[in-house]
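Remarks on the overall topology
Spelled out, the chains give:
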Amino acid sequence: MYKKNKTGIIGTIITIVVLVCLVVVTNINNERFVFIGNAVSKIIVPIENGLTYLKNKIQGNDSFFAEVKNIKSENDELKQQNADLQQKNMEMDLLKAENANLKEYLNLADTYDQYKIVPGYVINRDFSNYESNIIINIGKKQGIAEDMVVVSDEGVVGYIVSVMDNSSKVRILTDTTSSISARSNSGAETIICRGMLEQKNVLKGMYLEPEDKIAAGDIIETNGLGGIYPKGLKIGEVSEVVETKNVSDRYVLINTYVDFSKLDNVAVIIK
């Protein structure tokens, strides 16, 4: 209450001083106006500044500005802490990715421990209606040559069709010009698998013998024929047996174990 009364008195004093100055200025001639106005300004401005400072002091405005300064300092500190946390999160994500890659390479080494393999990863994909290829980051300098088999920890990827010093082009299983000789775990010893234009990650298994027993759910793997793929590499699983009027024309649809759209880490089997 006391502060409010003092503030009212100070406001009244300021108002009276300003009114007096206005009366004096309006009753003098124009020639003396500038001179007197300057003199009055020199007197009044410091008084007004002092009274304003006193008013702010009484009302606590000085503490308000101090608080604003403290808030700005705290805000800057929080921004720096946030930037540090973001940096740490990025580093953690990189470590997780590296750890996942190492685990996948270990899986590859365990899965194909009977072979000498060179690990690599996909650096480009070329999927179109005419061909399906990937580019990997290993080539001649790493001992890679044409017709070598490329695998992932899920199964067969394809084979090398061209090699440069530090990269290679791989024709994947689902390419329509690619074919692979396979067998099923239910007894079909020779199935020729080829890619299909209209479906991704699906192969068409053809040239079944009339007596071959094969059904949905059967596992398809390489049979070692054809001169490129060794025996026993996993290809995929039968999703459907398509019967035709002529039993020799029936075929199967095979879902590949490898999802080529998400493929990252691979290995090349060195012959």
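Before reading on, note that the structure itself is shown above.
My aim in this report is to walk through the structure given alongside it, one point at a time. For clarity, every value in this text was computed on a predicted model and none was experimentally measured.

The helix and strand inventory of the protein stands at 3 helices and 12 strands. Each of the 271 residues in the protein was classed as buried or not, and the buried ones make up 32%. Within the protein, contacts between residues at least 6 apart in sequence are counted, and of these 57% link residues at least 24 apart. A total accessible area of about 17,200 Å² is found for the protein, and carbon and sulfur atoms account for 56% of it.

Once that is clear, we can look at the pattern of salt bridges. Applying the stated criterion across every chain yields a total of 2 salt bridges. In this structure, Asp264 engages Arg125 in a salt bridge whose closest nitrogen and oxygen atoms are separated by 3.8 Å. Here Asp264 is found in the loop between β11 (251–256) and β12 (265–269), whereas its partner Arg125 is found in strand β1 (residues 117–127), with 139 residues between them in sequence.

All right, on to the environment of Ser167 then. By secondary structure assignment, the location of Ser167 is in the loop between β4 (156–163) and β5 (168–172). Ser167 gets classed as buried once you look at its relative accessible area, which sits at 16%. Taking the C-alpha atoms as reference points, Ser167 and Gly139, separated by 28 residues in sequence, lie 4.3 Å from one another. For Ser167, the contacting residues outside a window of four places in its chain are Ile123, Ile135, Ile136, Asn137, Ile138 and Gly139.

It is worth spelling out the nonpolar core at this point. Core analysis: the largest hydrophobic core is formed by 44 residues, its most contacted members being Ile144, Val157, Ile160, Ile220 and Val268. Residue contributions to this core peak at 6 residues, all from β4. Look past the residues within four positions of Ile220 in its chain and what remains in contact with it is Ala182, Arg183, Ser184, Ile191, Cys193, Ile214, Lys234, Ile235, Gly236, Val238 and Ile254.

Moving on, we come to the side chain of Glu221. Position of Glu221 relative to the elements: it lies in strand β9 (residues 219–222). A polar contact is formed between the side chain of Glu221 and the side chain of Arg183, at a distance of 2.8 Å.

Moving on, we come to the sheet that holds strand β10 (residues 234–242). Strand order around the closed barrel formed by 6 strands is β6-β7-β8-β11-β10-β9, with antiparallel pairing between neighbours. Put simply, the sheet's adjacent strands are angled 45° from each other on average, direction ignored. Where strand β8 (residues 199–206) meets β11, 4 bridges bridge the pair, whose relative direction is antiparallel. Bridge pairing in β11 links Val202 to Asn255.

Let us now look at the packing of aromatic side chains. What the rule picks out here adds up to 1 aromatic pair. Centre to centre, the rings of Tyr159 and Tyr229 are 6.4 Å apart; their planes meet at 90°, and the pair counts as edge-to-face. Placement of the pair is Tyr159 in strand β4 and Tyr229 in the loop between β9 and β10, with a sequence separation of 70 residues. Neither Tyr159 nor Tyr229 differs from the other in exposure class; each is buried. A cation over a ring is seen here: Lys204 above Tyr251, with NZ or CZ 4.4 Å from the ring centre.

Scoring rules and cut-offs
- In every chain, residue numbers begin from 1 and rise along the written sequence.
- Local features in this predicted model are restricted to residues of pLDDT 70 or higher, and side-chain atom pairs are both shown and tallied only at a pLDDT of 80 or more, whereas totals for entire chains, interfaces and linings draw on every residue.
- Side-chain measures were taken over the full set of non-hydrogen atoms in the model, leaving aside hydrogen atoms and water.
- Strands are runs of DSSP state E lasting at least two residues, helices are runs of H or I lasting at least four, and both sets are numbered from the N terminus onward.
- Residue burial is assigned from relative accessible area. The probe radius is 1.4 Å, only protein chains are included, and a residue is buried under 20% of its type maximum, exposed over 50%, and partly exposed in between.
- Contacts are residue-level and defined by heavy atoms, with any inter-residue pair within 4.5 Å sufficient.
- Using the Shrake-Rupley algorithm and a 1.4 Å probe, accessible areas are obtained, with residue cover drawn only from the displayed protein chains.
- The working definition used for a salt bridge is a side-chain nitrogen of Lys or Arg within 4 Å of a carboxyl oxygen of Asp or Glu.
- Here, nonpolar core refers to any group of buried Ala, Val, Leu, Ile, Met, Phe, Trp, Tyr and Cys residues whose side-chain atoms link them within 4.5 Å.
- Two N or O atoms form a polar contact when they lie within 3.5 Å of each other; inside protein one atom must be a possible hydrogen donor and the other a possible acceptor, and for residues adjacent in sequence the pair counts only when both atoms belong to side chains.
- Think of it this way: DSSP has to see at least two bridges between two strands before they count as a pair.
- Axes, fitted as lines to C-alpha atoms, cover a helix only where it is in contact. Angles between the N-to-C directions of the axes lie from 0 to 180 degrees.
- Any pair of Phe, Tyr and Trp rings, taking the six-membered ring for Trp, is counted once the centres come within 6.5 Å. Such a pair is stacked with planes under 30 degrees apart, edge-to-face with planes over 60 apart, and tilted for the rest.
- Whether a charge lies above a ring is judged from NZ of Lys or CZ of Arg, which has to be within 6 Å of the ring centre and within 35 degrees of the ring normal.

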